[in-house]
Amino acid sequence: MPKITFFNLPEDKRENLVHAAKKEFARVPLNQASVSNIIKDAKIPRGSFYQYFDDKEDAFFFLLNSHVSAYKMHFLETLYKNNGDIFEAMIDFYTAIITEEKENLQFLRNLFLNMTHRIETVMARSFGENDLNENFRKIGSLINKEKLNIMDERELFHMMQIISSVTFHNIVKKFARELPFDEAVTNYRTEIYLLKKGFVSV
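What this report covers is the structure whose coordinates are included nearby.

Calculation criteria
Residues numbered from 1 in each chain as written. Predicted model: local features only at pLDDT ≥ 70, side-chain atom pairs only at ≥ 80, totals over all residues. Heavy atoms only, no water. Salt bridge = Lys/Arg side-chain N within 4 Å of Asp/Glu carboxyl O. Helix = DSSP H or I, 4+ residues; strand = E, 2+ residues; numbered from the N terminus. Buried < 20%, exposed > 50% of the residue type's maximum accessible area, 1.4 Å probe, protein only. Patch = residues over 30% accessible without salt bridge, like charges linked within 9 Å, V, L, I, M, F, W, Y side chains within 5 Å. Areas by Shrake-Rupley, 256 points an atom, 1.4 Å probe, with all protein chains shown as cover. Core = buried A, V, L, I, M, F, W, Y, C linked by side-chain atoms within 4.5 Å. Contact = heavy atoms within 4.5 Å. Phe/Tyr/Trp six-rings, centres within 6.5 Å; stacked < 30°, edge-to-face > 60°.

Observations concerning the pattern of salt bridges
Pairs can form between side chains of opposite charge whenever their charged atoms are close. Under the criterion given, the structure shown has 7 salt bridges. Ionic pairing is found between Asp41 and Lys23, a salt bridge with its closest N-O pair at 3.3 Å. With Asp41 in helix 3 (residues 35-42) and Lys23 in helix 2 (residues 11-27), the pair connects residues that are 18 residues apart, well separated along the chain. With a relative accessible area of 26%, Asp41 lands in the partly exposed category. Among the salt bridges present, the one from Arg109 reaches Glu178, with a minimum N-O distance of 3.8 Å. Of this pair, Arg109 sits in helix 7 (residues 102-113) while Glu178 sits in the loop between helix 10 (153-177) and helix 11 (181-197), and the two are 69 residues apart along the sequence. Under the relative-accessibility criterion, Arg109 is labelled partly exposed at 24%. Its relative accessible area of 61% is what places Glu178 among the exposed residues.

Structure, rendered in structure tokens:
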């Protein structure tokens, strides 16, 4: 988390620093990012940067958590809009991610093509959780379970883990292969509908 001095900055200076950091992390992955480029773009001394953040990882994960909070809110709204249909909600959610504005899209591209366990853990909070906790139960309460072939909350949790994996895989594939929008959405929709339909004919 940023230091208290960051939150005490005037809003325009705080936004300027955030924009400079986002620009750098959109340019290159975290391991290649440079504090020098951030402070140059933000027009602040190097010492000031370290008054606000411990290091570049601190700045990166602050930005990532901000993205995740926004995505989580969007996902909840998407679930509500789709009357709790988790499959249609996920298609809308996936579409929103791959149509982000240019800088955010490049940030996400670097994110997914250089995924680490820590990044994946944070990203998973967009539309699920890594544990059966209160946050997950809040999401689960919005999902229409009437037509789902699940027995209990634990099975719902594992279903969401599977959907998360399919979603992450498709986002990585979209960025890695530079797939056109229509092809990426068609591929994802096919896999989501296969999960919805199941693989065994009863």
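A closer look at unusual backbone geometry
Glycine aside, a negative phi is what most residues show, and trans is what most peptide bonds show. Phi is positive for Asn83, close to 55°, though the residue is something other than glycine. Inspection of the secondary structure assignment puts Asn83 in the loop between helix 5 (56-81) and helix 6 (86-98). You can call Asn83 exposed: its relative accessible area is 65%. Positioned with a positive phi, Glu178 is a non-glycine residue whose angle comes to about 50°.

Details of a nonpolar patch on the surface
A cluster of nonpolar side chains, contributed by Met1, Ile4 and Phe7, occupies part of the molecular surface with about 370 Å² of accessible area. As for its position among the elements, Ile4 is in helix 1 (residues 4-7).

Details of the nonpolar core
Counting residues in each nonpolar core, the largest one holds 62 residues, and the members touching the most others are Phe25, Phe60, Leu64, Phe75 and Ile86. Among the elements that line this core, the one with the most residues is helix 5, at 11 residues. What Phe60 contacts, discounting residues up to four positions off in sequence, is Phe25, Leu30, Phe107, Leu111 and Ile119.

Some words on the environment of Tyr188
With respect to the helices, strands and loops of the structure, Tyr188 is situated in helix 11. Spatially, the C-alpha atom of Tyr188 lies 6.3 Å from that of Asn170, the residues being 18 residues apart in sequence. Leave out the neighbours within four places in its chain, and Tyr188 touches Met90, Ile91, Tyr94, Val166, Thr167 and Asn170.

Some words on the packing of aromatic side chains
Counted under the stated rule, the structure contains 16 aromatic pairs. Ring plane angle 20° and centroid distance 4.2 Å describe the contact between Tyr94 and Tyr188, whose orientation is recorded as stacked. With Tyr94 in helix 6 and Tyr188 in helix 11, this pair connects stretches of sequence that are 94 residues apart. In this structure Tyr188 comes out as buried when scored by relative accessible area, which is 0%. Ring centres 6.4 Å apart and planes at 40° place the aromatic pair Phe112 and Phe175 in the tilted group. Placement of the pair is Phe112 in helix 7 and Phe175 in helix 10, with a sequence separation of 63 residues.

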